[in-house]
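As a plain string of letters, each chain reads:
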Amino acid sequence: MFSSQLPPPKYSKGDDSLKNEKELIKAKILLQKKNGSDDNRETISDELDSIHRQIASNVKFEDFIPLRQRNFNIEIPLPSLESIQETQSRTLHFLSKLQNRTETPRDTVTKIGNREIRMSTPVQDPLQLSRFKRTGKIYTPNLDQNETPTTILHDSSSGKSSKISAEEREKWKIPTLVSQWKNPNGYTVARVIGNGEGSEIKEINSGFSDLSEALEKADHDAKIRLQEKHELKRLAYEREVEAKETKLKQLAENRRKRIEERGVSRKEPLRVEKAESKASTNTSTKGNSGNKILINKLRDIAKREGRDISEKVILGAAEATRTPAVNYDSRLYMKGAASSARRHEEQLYDNPLFVQQSIDSSIYRTDYNKLDDQIESENGSTDVMSKVRKETGTVNRGPIEFTKAVKKEDKD
Amino acid sequence: MATLPTHLQQELNDHKATLKNFNTATEDILQKNMATSKSLAVRETSAASFDNHSALERRRQLFMQKPKWHASWKLHTVINGHLGWVRCVATDCVSNKWFVTGSNDTTIKVWDMSTNKLKLTLAGHAMGVRGLAVSKRHPYMFSASEDKLVKCWDLEKNAAIRDYYGHHSGVHTVAIHPTLDLIASAGRDSVVKLWDIRTKEAVVTLVGHKGPINKVYCLPVDPQIVSCSTDATVILWDIIAGKGMKTLTHHKRNVRDLALHPNEFSFASACTDDIRSWRLPEGSLLTNFASQETGIINTLSINEDGVLFAGSDNGAMSFYDYKSGHLYQSTMTRATKGSLESEKGILTSTFDKSGFTLITGETDKSIKIWKQSVESNPTDDPGLPWNPMSSSQRF
């Protein structure tokens with residue numbers, strides 16, 4: 001019912017007609033090429049259409065219907081003994097004919113004048129690695145071009161098979177460092193005894209884990225003991241300081257009392273105020289006073305050395321050496337300041353191993369420029385030419401290096 | 001030529017639509033039929049006219065039949081011993097006393113079938129062993145390896161006696177011709193080579209696949225060679241003509257395995273989410289198995305009882321009734337102690353000669369032996385329900 005509804009294939013009436021059809025198309029194309037026709041596109045589409053029809057004539061709807069749907073118990077007998085024997089003898093005959101074919105001699109001998117030139121292909125180890133780098137695809141022998149294309153009988157349009165987006169692909173990208181995600185060859189350290197007992201897994205000796213645990217514990221204990229010691233020391237020091245302070249206080253108190261006993265003869269005029277004002281001026285003119293000291297010092301030096309230096313120069317020198325009043329933490333200016341600070345006790349390293357580099361791209365690839373430099377430095381070649389950069393021809397300039405003088409006796 | 005011609009495709013699509021529309025209607029009819037005239041329906045189907053293939057009619061015919069019941073399968077033994085993936089397994093098809101496994105650790109190991117103890121380790125390959133075949137007619141075993149070699153092992157001397165050189169790349173599979181002294185091997189160089197066992201000469205090279213070949217089988221009559229490939233095709237070869245008799249293009253993805261039926265002249269092939277069986281010698285579609293969510297299928301095996309086993313790359317095991325394509329049991333393998341979560345895939349499988357034992361080789365480096373439970377019966381253990389969806393009618 002269904003196949004009868006299909007439109008009859010336009011051109012095909014049988015195998016012979018198919019061939020004729022093909023030839024016809026070819027001839028048509030040739031003709032049009034000769035004529036230089038302008039409607040090339042049309043001919044191509046025509047040709048495609050005819051190919052489609054050709055294929056359609058080869059496809060039957062029955063190809064898609066599973067035979068067992070109607071009856072599960074269709075009998076499909078194994079081939080009979082006779083047919084087996086017949087095929088065997090036929091194939092054997094063919095193969096023997098193939099094998100007994102007179103082989104062309106491997107060595108070809110050509111004569112040039114009196115000389116005989118023998119050409120032979122050397123025997124090669126088939127397991128020897130190819131000398132040529134093979135890229136991706138393995139060579140697939142050419143297929144017979146004359147054959148009609150095979151019809152694809154699956155429906156490639158429907159279904160969820162869609163192209164993977166770049167985003168999805170990115171998600172699935174596994175960095176090389178984590179390639180153990182799927183062990184491609186399934187290799188491991190041997191964990192199984194191959195005595196064939198089966199289901200017998202070798203127990204890993206617990207000694208290793210015991211040892212590491214014990215070491216860890218000892219380390220921890222030592223740390224705690226050290227901490228306690230430090231704490232005790234600190235407490236002792238604090239106590240000492242406190243004792244001193246109280247002693248001083250007491251002395252002061254005693255003195256005051258003695259003075260009071262003598263009577264309030266001498267007033268202490270605005271002592272506190274004075275001190276305060278002094279302190280405040282001190283902080284504001286600290287730089288200034290430091291400068292004065294420096295100026296005095298410079299003057300002294302000049303006098304001692306007997307040099308006549310003007311006041312202006314001395315002032316200038318003092319100004320130049322003056323440090324700015326701004327206070328800053330020098331670590332802020334240092335590279336990796338934050339990472340060099342230890343955050344907690346367990347932190348073993350100042351910074352993670354691969355923090356700066358992008359791991360995947362760089363660390364497993366050789367930087368040849370760096371390598372060259374390294375080799376040079378290892379060779380200890382100190383001649384000037386080695387310092388000339390290869391690419392640019394410029395000389396690497398740096399501070400002049402002094403080498404230790406070698407004594408004559410040493411040399412000899 | 002990736003698609004069907006447009007007019008044909010449209011025709012098919014139209015019928016798909018009708019199938020959807022009449023889904024409910026069919027079921028109504030079915031229920032009535034089931035209740036009233038079951039015997040009548042069966043008689044009808046047996047005498048079904050072959051020229052009538054409307055979608056509805058086909059669906060009705062499918063519903064009228066019941067798949068055969070099979071007992072469920074249980075894990076029996078786990079054997080450890082290999083240091084790499086177990087890539088191939090073959091049984092002794094003469095005495096059924098031992099089986100042999102090949103692994104990525106380059107060794108081949110022979111195990112006792114009854115005690116599951118190691119009998120022998122054969123070393124000789126330089127890279128992983130991908131294919132094994134034990135001969136019925138000679139005391140020989142053949143192994144294919146990624147080191148481009150096929151080796152012939154003498155089972156009396158327990159040593160490799162011949163090497164077959166000639167493949168350009170790794171060899172994935174090897175098969176022995178049932179009547180002639182020939183072996184067929186194929187691999188990454190996408191050709192099937194036929195070797196004379198004695199002279200070690202590559203007699204015939206069959207060219208036609210466009211991608212690495214995954215499996216090759218030899219049959220006693222034409223087509224004498226069947227092969228499946230990553231180019232999503234199965235080719236039935238004619239040795240004498242030196243080319244393919246028929247190319248099966250129903251699969252969409254890499255066809256990873258083939259399995260021959262031991263009692264019937266048919267075979268099954270599997271790609272991702274798709275198992276189909278084919279009638280030989282002409283290669284017409286027999287059954288569409290209910291295999292939509294199986295994932296990547298690495299291996300297929302069929303026993304005499306009509307059980308088809310499909311092992312997936314994610315460790316899923318599916319057992320089908322071969323004739324109806326009904327999935328009656330679906331389980332997962334158990335990863336052995338100490339293996340990773342991702343190491344849970346089935347790479348190879350085979351039934352033993354009796355068909356009651358299933359041997360699987362897995363990515364967790366273990367060999368697992370599965371047995372059909374003896375005491376289970378259809379009432380206690382009916383298996384998954386028979387619910388033929390339109391999957392069997394897909395294209």
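No experiment lies behind these values; they were computed from the predicted model shown. (Residues numbered from 1 in each chain as written. Chains lettered and ligands numbered in written order. Predicted model: local features only at pLDDT ≥ 70, side-chain atom pairs only at ≥ 80, totals over all residues. Heavy atoms only, no water.)

Undergrad: Is there a simple way to explain the overall build of chain B in this structure?
TA: A tally of helices and strands in chain B yields 4 helices and 28 strands. Within chain B, the fraction of its 395 residues that count as buried is 61%. Put simply, of all contacts in chain B between residues at least 6 apart along the chain, 48% involve residues at least 24 apart. Here chain B displays about 15000 Å² of accessible surface, and carbon together with sulfur accounts for 52% of that area. (Helix = DSSP H or I, 4+ residues; strand = E, 2+ residues; numbered from the N terminus. Buried < 20%, exposed > 50% of the residue type's maximum accessible area, 1.4 Å probe, protein only. Contact = heavy atoms within 4.5 Å. Areas by Shrake-Rupley, 256 points an atom, 1.4 Å probe, with all protein chains shown as cover.)

Undergrad: Explanation requested: the overall build of chain A in the structure shown.
TA: The secondary structure content of chain A amounts to 13 helices and 2 strands. Relative to its full complement of 412 residues, chain A shows a buried share of 12%. Sequence-distant contacts in chain A: of pairs separated by 6 or more residues, those separated by 24 or more amount to 38%. With an accessible surface of roughly 37500 Å², chain A has 54% of that area assigned to carbon and sulfur atoms.

Undergrad: What is the right way to read unusual backbone geometry from this model?
TA: Trans peptide bonds make up the majority, and among non-glycine residues the majority have a negative phi. Residues and elements named next belong to chain B. Here the residue pair D222 and P223 is connected by a cis peptide bond, since its omega of 0° sits within 30 degrees of zero. Residue L280 is joined to P281 through a cis peptide bond whose omega torsion reads 0°. Inspection of the secondary structure puts P281 in the loop between β20 (274-279) and β21 (284-288). Positive phi outside glycine occurs at N96, with the angle close to 60°. On the secondary structure map, N96 appears in the loop between β2 (86-91) and β3 (98-103). Residue classification places N96 among the buried residues on the basis of a relative accessible area of 19%.

Undergrad: It is not clear to me how the confidence of the model for chain B should be interpreted in this structure. Could you clarify?
TA: Any region with low pLDDT has predicted coordinates that should not be read closely. Residues and elements named next belong to chain B. Scored by pLDDT, chain B comes out at a mean of 86, with 85% of its residues at no less than 70. Scored below 50 in pLDDT, residues 17-26 shows 8 contacts in the model against residues more than four places distant or in partner chains. This stretch, residues 35-51, has a pLDDT under 50; its non-local contacts, to residues over four places away or in other chains, come to 11 contacts. Both confidence scores are given for the complex: pTM 0.58, ipTM 0.80. (pLDDT = per-residue confidence, 0-100.)

Undergrad: What is the right way to read a nonpolar patch on the surface from this model?
TA: A surface patch of nonpolar side chains, about 290 Å² in accessible area, is lined by I112, I117 and M119 of chain A. For I117 of chain A, a relative accessible area of 33% puts it in the partly exposed group. (Patch = residues over 30% accessible without salt bridge, like charges linked within 9 Å, V, L, I, M, F, W, Y side chains within 5 Å. Salt bridge = Lys/Arg side-chain N within 4 Å of Asp/Glu carboxyl O.)

Undergrad: Teacher, can you tell me more about the sheet that holds strand β5 (residues 118-123) of chain B here?
TA: Residues and elements named next belong to chain B. Taken together, 4 strands build an open sheet; the order of strands is β2-β3-β4-β5 and the sheet is antiparallel. Pairing within the sheet leaves two strands with one partner each, and these edge strands are β2 and β5. With direction set aside, neighbouring strand axes in the sheet form an average angle of 20°. Sheet analysis places strand β4 (residues 107-112) next to β5, joined by 5 bridges and oriented antiparallel. For K109, the partnering residue across the bridge sits in β5 and is T121. (Pairing = 2+ DSSP bridges. Axes fitted to C-alpha atoms, helices over the stretch in contact; angles between N-to-C directions.)

Undergrad: Would you mind going over the pattern of salt bridges with me for this structure?
TA: Using the criterion set out here, one finds 19 salt bridges over all chains in the structure. Close ionic contact of D222 of chain B with R90 of chain A constitutes a salt bridge, the shortest N to O distance being 3.0 Å. Placement of D222 of chain B in the loop between β14 (213-218) and β15 (225-229) and of R90 of chain A in helix α4 (residues 81-99) is noted, with the two residues assigned to different chains. The exposure class of D222 of chain B is buried, given its relative accessible area of 18%. Between E238 of chain A and R234 of chain A there is a salt bridge, with the nearest N and O atoms lying 2.8 Å from each other.

Undergrad: What should I look at first to understand helix α4 (residues 55-63) of chain B in this one?
TA: Each full turn of the α-helix corresponds to 3.6 residues, which orients residues three or four apart in the same direction. Across the 9 residues that make up α4 of chain B, a large majority, 8, are buried. Among the residues making up α4 of chain B, those that are buried are A55, E57, R58, R59, R60, Q61, L62 and F63 of chain B.

Undergrad: Would you mind showing me how to read the pairing of strand β7 (residues 140-145) of chain B here?
TA: Side chains on a regular strand alternate between the two faces of the sheet. Residues and elements named next belong to chain B. The element β7 is largely enclosed, with a buried count of 6 among its 6 residues. Side chains Y140, F142 and A144 of β7 all project onto a buried face; the interleaved residues M141, S143 and S145 project onto the opposite face, where all are buried too. One ladder, built from 5 bridges, connects strand β6 (residues 129-134) with β7; its direction is antiparallel. Directly across from V134, in β7, lies its bridge partner M141. Taking the residues that link successive antiparallel strands as the turn, the β6-β7 hairpin has 5 residues. Pairing between β7 and strand β8 (residues 150-154): 5 bridges, direction antiparallel.

Undergrad: Explain the packing of aromatic side chains here, please?
TA: The relation between two aromatic rings is expressed through the spacing of the ring centres and the mutual angle of the planes. All names here are of chain B. Under the criterion given, the structure shown has 10 aromatic pairs over all chains. Between F289 and Y322, the ring centres sit 6.0 Å apart and the planes meet at 50°, which makes this aromatic pair tilted. Remark: Y322 occurs in the loop between β24 (316-321) and β25 (326-332) and F289 occurs in the loop between β21 and β22 (297-302); sequence separation between them is 33 residues. The class of F289 is buried, set by a relative accessible area of 0%. Looking at Y322, the relative accessible area reads 0%, which means it is buried. (Phe/Tyr/Trp six-rings, centres within 6.5 Å; stacked < 30°, edge-to-face > 60°.)

Undergrad: Just to check I follow, could you spell out the pairing of β14 of chain B for this structure?
TA: Residues and elements named next belong to chain B. With 5 bridges connecting them, β14 and β15 associate as antiparallel partners. Of the residues in β15, the one forming a bridge with Y217 is V226. What sits between β14 and β15 in their antiparallel hairpin is a turn of 6 residues.

Undergrad: Would you mind going over the side chain of E362 of chain B with me for this structure?
TA: Residues and elements named next belong to chain B. Tracing the chain through its elements places E362 in strand β27 (residues 357-362). The exposure class of E362 is buried, given its relative accessible area of 1%. Filtering out sequence-adjacent residues up to four positions away, E362 remains in contact with W85, V86, T333, G345, I346, L347, K368 and W370.

Undergrad: Teacher, can you tell me more about the sheet that holds strand β16 (residues 234-238) of chain B here?
TA: Strand pairing in a sheet is mediated by backbone hydrogen bonds. Such pairs are either parallel or antiparallel. Residue and element names in this part refer to chain B. If you walk across this open sheet you meet the 4 strands as β14-β15-β16-β17, and the pairing is antiparallel. At either margin of the open sheet sits one strand with a lone partner, and together these are β14 and β17 (243-248). The sheet shows a mean angle of 20° between the axes of neighbouring strands, direction not considered.

Undergrad: Explain the environment of L206 of chain B to me, please; I cannot follow it from the model alone.
TA: Residues and elements named next belong to chain B. Within the secondary structure, L206 sits in strand β13 (residues 202-207). Considering only alpha carbons, one finds L206 and V191, 15 residues apart in sequence, at a separation of 5.7 Å. Here L206 is in contact with V191, V192, I225, W237, D238, G242 and K243, once residues within four sequence places are set aside.

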